[in-house]
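# Structure at a glance
What follows is each chain in one-letter form.
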Amino acid sequence: MTSDARPVPTAPTSQDAAATARSTAQRDAAPASTLALPTPEDAAAPAPTTSPEPQDPTSASTVAHEDAVLTTSPKPQDTTAPEPHDAARTRLVLALVCACQFMVILDASIVNVALPSVDRDLGFGSSGLAWVVNAYLLTFAGFMLLGGRAADLFGQRRMLTTGLLVFSAASLAGGLATTPGVLVAARAVQGVGAALLAPATLAVLNTTFAEGPARARAFGAWSAAGGVGGMAGALAGGALTSGLSWRWVFLINVPVGAALIAVAATSLTGTRPQHREPLDLVGAVTGTAGLAALVYGVMQSTDHGWTSAHVVVPAVAGLALLVLFAVTEARFADRPLLPPHLFRIRGVAVGNGMLLLFGGIAIAMWYFTSLFLQDVLGYGALRAGLGQTPAAVTFMLVAGRAAALLPRTGVRPLVLAGSACFLAGFGWLAQADAQSGYLIGVLGPTLLIAVGIGLTFPTLMAAATADAPARDAGIVGGVANTASQLGGSIGLALLSTAADTRAAASSDTTTATDALASGYDLVFLLAAGLALAIAATSLLLPRPPKP
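Residues numbered from 1 in each chain as written. Predicted model: local features only at pLDDT ≥ 70, side-chain atom pairs only at ≥ 80, totals over all residues. Heavy atoms only, no water.

### Structural notes on the layout of surface pockets
Taken as a whole, the second largest pocket spans an internal volume of roughly 430 Å³. In this structure, the second largest pocket is lined by 17 residues; those nearest its centre are Leu145, Leu338, Phe343, Val479 and Thr482. Looking at the lining of the second largest pocket, the elements that each hand over two or more residues are helix H12 (309-332), helix H13 (346-376) and helix H18 (473-506). Sort the elements by how many residues they give to the lining of the second largest pocket and H12 lands first, with five residues. Across the lining of the second largest pocket, the residue classes tally to 13 nonpolar, three polar and one charged. (1 Å grid on protein atoms, 1.4 Å probe; cavity = no way out; pocket = protein on both sides within 12 Å on 5 of 7 lines; lining within 4 Å. Points joined across faces, edges and corners; volume = space filled by probe spheres on them. Helix = DSSP H or I, 4+ residues; strand = E, 2+ residues; numbered from the N terminus. Nonpolar A, V, L, I, M, F, W, Y, C, P; charged D, E, K, R; others polar.)

What follows is the structure in structure tokens.
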């Protein structure tokens, strides 16, 4: 097994990308799902504004409820059906945010199949080629908190359209690039646009749909759109590259982005804050630089080893900046970028902790099963993507059911059920080898794991953003996205190291294929351990009040 860089795919859940010069980096299909859009009866009345309201910022912590998708104080329910034009607008808003999420996640994986063509035309070389993907993932993770807070301060519609504009312009530059430097720079700017866009979509969901079934279904549809984007990446990238040119992998975003900007301008109303607060510049600089440096250091581990200065220096610098960020936000910032009181809301704190762990689950499922199919069973990139499609469809169906169950069952039962599926599925998958075949060795266990992802990912996203004040909807969405992305980055690096170490230790006593299978089997066992950690963490969720 080589030590090529393997950038993080995204998964809803999940999420997924690989970008190295070797063929094993030209794949990765993410889960997909679709959910029924909220009915007019479910849709919320006109969206609340994000203007600050007098309230005790710690009041949410006094409410204990297992559901984690609850208000912080009893609210009368409006049972009046919305006007037809309001119902139509909420449907249009949901379609908009789902399309935005689809595009953001699609671009994390669509370039993988196009990498050989990009290298032939622009002459990257093996080491530089990985940065076509890494540059996007680095700025996407680094700027997420800033993008979330910007949605609260400057308005969700403004930041969503700004993110679309930046993303589309960078896509145009990437599609027209004639040198490696221009393409990498365009991908970095694309990541910034995605970091502005993704938290804004979550904020729009939180302020458009009332808590309960409507919001649960909206979250399910949003996470499903990301799954569809990740899964479609390999298929769309291959079709565009072979049918037209690798440049259309980027250029296709331009007309789509323009259409979404027009929809956003006409459908998003009532989300602009009435009183604008100043941006916390110190927090913005330390938080963004800290996250970017940490992710960069982790990315270097696959090429240089964990004790190399290439890893240690940026990782330590990133951690130091994040500590400075935390101290500044807690003690010195008048209007912090990330208000500390949000983590006194138990659902937000525990939900983000579980999302951090879930990132490793998603990597093990979508990235390493793709590697297993190609390196052990000998599948091509496109066939490997098709081999993961049944699991993606299973995720789609289960996620729809989970969204309907969430308001009745609460967060914990769904997370525990999903963790049980992870344990069984990864335990089964860890027994696979070159002689197992697809049906028994891969299809069966991945279907079981997909059930777990469908139960957990929309549930965790809902839990991690629940109970926060409307004025903080953007930053809460940014934190949730950052936790998932950071968990995936760290999970990829750690699991890749484990796989490489096991494969190297086995290479003297077995064939190269069996050694690779042994490394991947260890990854699947470690993923089962992450499932246990998620289940244990879910016990920290607040209990429902006694009737």
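That was the structure; now back to the text.
### Looking at the packing of helix H5 (residues 144-154) against helix H6 (residues 156-175)
At a closest axis distance of 6 Å, the pairing of H5 and H6 adopts a crossing angle of 135°. Here H5 lies oblique to H6, going by the angle between them. Residues Ala150, Ala151 and Phe154 of H5 form the contact with H6, whose own contacting residues are Gln156, Arg158 and Met159. For the contact of H5 with H6, the residue count by class is four nonpolar, one polar and one charged. (Axes fitted to C-alpha atoms, helices over the stretch in contact; angles between N-to-C directions. Parallel < 35°, antiparallel > 145°, perpendicular 65-115°, else oblique. Contact = heavy atoms within 4.5 Å.)

### Topic: the confidence of the model for the chain
On average, the chain scores 76 in pLDDT, and the residues at 70 or more come to 80%. Per-element mean pLDDT across the chain ranges from 38 in strand S2 (residues 15-16) up to 93 in helix H16 (residues 411-429). (pLDDT = per-residue confidence, 0-100.)

### Topic: the packing of H5 against helix H7 (residues 180-208)
Packed helix pairs are characterised by how far apart their axes lie and by the angle those axes make with each other. Put simply, H5 and H7 touch, their axes get as near as 8 Å, and they point 50° apart. Comparing their axes, H7 and H5 come out oblique. Crossing of H5 over H7 shows right-handed handedness. Between H5 and H7, the residues in contact are Met144, Gly147, Gly148 and Ala151 and Ala195, Leu196, Ala198, Pro199 and Ala200, respectively. Split by residue class, the contact of H5 with H7 holds seven nonpolar, two polar and no charged. (Left-handed = near helix turned anticlockwise from the far one by under 90°.)

### Looking at a nonpolar patch on the surface
Taken together, the side chains of Leu244, Trp248, Ile252 and Val256 present a nonpolar region at the surface, about 350 Å² in accessible area. Looking at where isoleucine 252 falls in the secondary structure, it is placed in the loop between helix H9 (248-251) and helix H10 (253-267). (Patch = residues over 30% accessible without salt bridge, like charges linked within 9 Å, V, L, I, M, F, W, Y side chains within 5 Å. Areas by Shrake-Rupley, 256 points an atom, 1.4 Å probe, with all protein chains shown as cover. Salt bridge = Lys/Arg side-chain N within 4 Å of Asp/Glu carboxyl O.)

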